[in-house]
Each structure stands twice: as structure tokens, then as C-alpha cells.
Amino acid sequence: RKEVEQDPGPFNVPEGATVAFNCTYSNSASQSFFWYRQDCRKEPKLLMSVYSSGNEDGRFTAQLNRASQYISLLIRDSKLSDSATYLCVVNIRATGSWGKFQFGAGTQVVVTP
Amino acid sequence: NAGVTQTPKFQVLKTGQSMTLQCAQDMNHNSMYWYRQDPGMGLRLIYYSASEGTTDKGEVPNGYNVSRLNKREFSLRLESAAPSQTSVYFCATRGSGQTEQYFGPGTRLTVT
């Protein structure tokens, strides 16, 4: 079983609509959570960190559910420029170690006119 | 500031050839990482360096070696390339006290 799992999609979203998707993680020692955005054949770029209380950055809202071990990302008022693959990243910090980043394989979002 | 740079951008090797992928950062970060990304899989850690002169194996280190000669540069060497090493390679950095990573533009490697 993968340590970080995502629905690969694609999620086909009309422009202006809302899309949401989840990421599940298996290691309860996970401490930090992130959403990265990756455009085709480009490097991942940090979209937002995910905080315990949930957080919002413009049209993007991230939530963390530690009990069920998943994080979510919601995109409101989707723009064509939101088309990308969204990577879920989890940092697992073991005692005395630097912590380990685990990456999901990504969820593809395609926003259509 | 260039951030994180990688060279080359593209490379085609024949099986058994060797090459070194270069990564440099001007962010004054201590931690540097090498990942590979394959279709349908998340990024997988090859090697990690917490600081100049130190390196640790990641999830998939076999067939690779690394060198962290100074704070800025972290290189990845393939001694005898195999088709299974066809992938996109990303270098990343992380600053002390920071939790997020910053990635270079990647090297697309094909081994025939």
C-alpha cells in the first residue's frame, strides 16, 4: 500500500466551478502537510501548507483530518490556469531524524472553457 | 536569484554509460535532495544531504552516488546507466527551520 494515495483523476471542471479532492496518508506520525502544484513537465511548486485548523489562500482551501488521516484541497471559481497536477506531500518526522517527505502521485485537474 | 538550477535539462545515454547530474542553489539552504519521478508514481527520494559533507540514502539509492562538496552544490552520479533509470530527476532544497522544499527545473534522462 502506498504511504500517500491520491485519486489520479483527471477531474474535468468547467471554468468557474468548484472542485475538491482528497489525499490519504497511512503513517500516523505524519506531522506536516502540503499541496504542491506541478505543471506538465515542470518542477513541483508549493501551493500551500495545510494547517490543523484548515486554511485558505484566495480561491484555495485546504483541510486536515487527522482522525481519518486525510487532507483535502478545494478550488473555488476555477480558472483555466488552475489546470495542473496537484501533489499531496506529507512530512513524517521520526525521533532524531530530519523527517521524510512522502509524495502522492498527484491528482490531475483540467479546467475547460 | 536563480533559486535552484540543474544541468543538463535533457540527456540521452546508452546502457552502461556514466554521467553526473549537477544541482546548485543560491538560497543558502543546508538541506538538499535528489528525487526521481516516474509516471504514475510520486517523487521518490534517491539521496539526501543535511549539510555540506554529509549524505544519506533515500528510498531508491541503488545505482546512484552523490557528492556534496560545498553548501551550494549537490551532484548525482550514475556510474553505469540502465534503462530502469530513465526518469525525470529533480533536485530540491530546504532551509533550516523551514518545512517546505524548493525544486529545480529537472533533468529528463533517457537510457537506451
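Criteria and cut-off values
Residues numbered from 1 in each chain as written. Chains lettered and ligands numbered in written order. Predicted model: local features only at pLDDT ≥ 70, side-chain atom pairs only at ≥ 80, totals over all residues. Heavy atoms only, no water. Disulfide = S-S within 2.5 Å. Helix = DSSP H or I, 4+ residues; strand = E, 2+ residues; numbered from the N terminus. Buried < 20%, exposed > 50% of the residue type's maximum accessible area, 1.4 Å probe, protein only. Contact = heavy atoms within 4.5 Å. Buried area = accessible area lost by both parts, 1.4 Å probe. Salt bridge = Lys/Arg side-chain N within 4 Å of Asp/Glu carboxyl O. Polar contact = N/O pair within 3.5 Å; in protein donor to acceptor, adjacent residues only side chain to side chain. Nonpolar A, V, L, I, M, F, W, Y, C, P; charged D, E, K, R; others polar. Pairing = 2+ DSSP bridges.

Peer 1: Hey, could you run me through the state of the cysteines in this one?
Peer 2: Disulfide: a covalent bond connecting the sulfur atoms of a pair of cysteines. Under the definition given, this model contains 2 disulfides over all chains. Across the disulfide, A:Cys23 is cross-linked to A:Cys88 (sulfur-sulfur distance 1.9 Å). Looking along the S-S bond of the A:Cys23-A:Cys88 disulfide, the torsion reads about -70°, which is the left-handed sense. Of this pair, A:Cys23 sits in strand E3 (residues 19-25) while A:Cys88 sits in strand E9 (residues 84-92); the two residues are 65 residues apart in sequence, bridging distant segments of the chain. Residue A:Cys23 shares its accessibility class with A:Cys88, and that shared class is buried. The disulfide partner of B:Cys23 is B:Cys91, and the S-S distance across this bridge is 1.9 Å. Disulfide B:Cys23-B:Cys91: torsion about the S-S bond near -70°, hence left-handed.

Peer 1: What is the right way to read the interface of chain A and chain B from this model?
Peer 2: Put simply, an interface is often sized by how much accessible area is lost when its parts join up. Opposite the 16 residues of chain A that make contact, chain B presents 19 residues. Summing both sides of the interface, chain A and chain B together bury roughly 1500 Å²; the carbon and sulfur share of this comes to 58%. Taken together, chain A and chain B are joined by 0 salt bridges. Where chain A meets chain B, there are 3 residue pairs in polar contact (both at pLDDT 80 or more). Sorting the residues of the side of chain A that touches chain B by element identifies strand E4 (30-38) and strand E10 (100-103) of chain A as the ones contributing at least two each. The biggest single contributor to the side of chain A that touches chain B is E4(A), with 4 residues. Split by residue class, the side of chain A that touches chain B holds 9 nonpolar, 3 polar and 4 charged.

Peer 1: What should I look at first to understand the pairing of strand E8 (residues 75-78) of chain B in this one?
Peer 2: Regular strands show a simple pattern: their side chains alternate between the two faces of the sheet. Residue and element names in this part refer to chain B. Across 3 bridges, the pairing between strand E3 (residues 19-25) and E8 is antiparallel. Among the inter-strand pairings, threonine 20 is bridged to a residue of E8, identified as arginine 77. The pairing of strand E7 (residues 64-67) with E8 spans 4 bridges and is antiparallel. Looking at E8, one finds that valine 66 is bridged to leucine 76.

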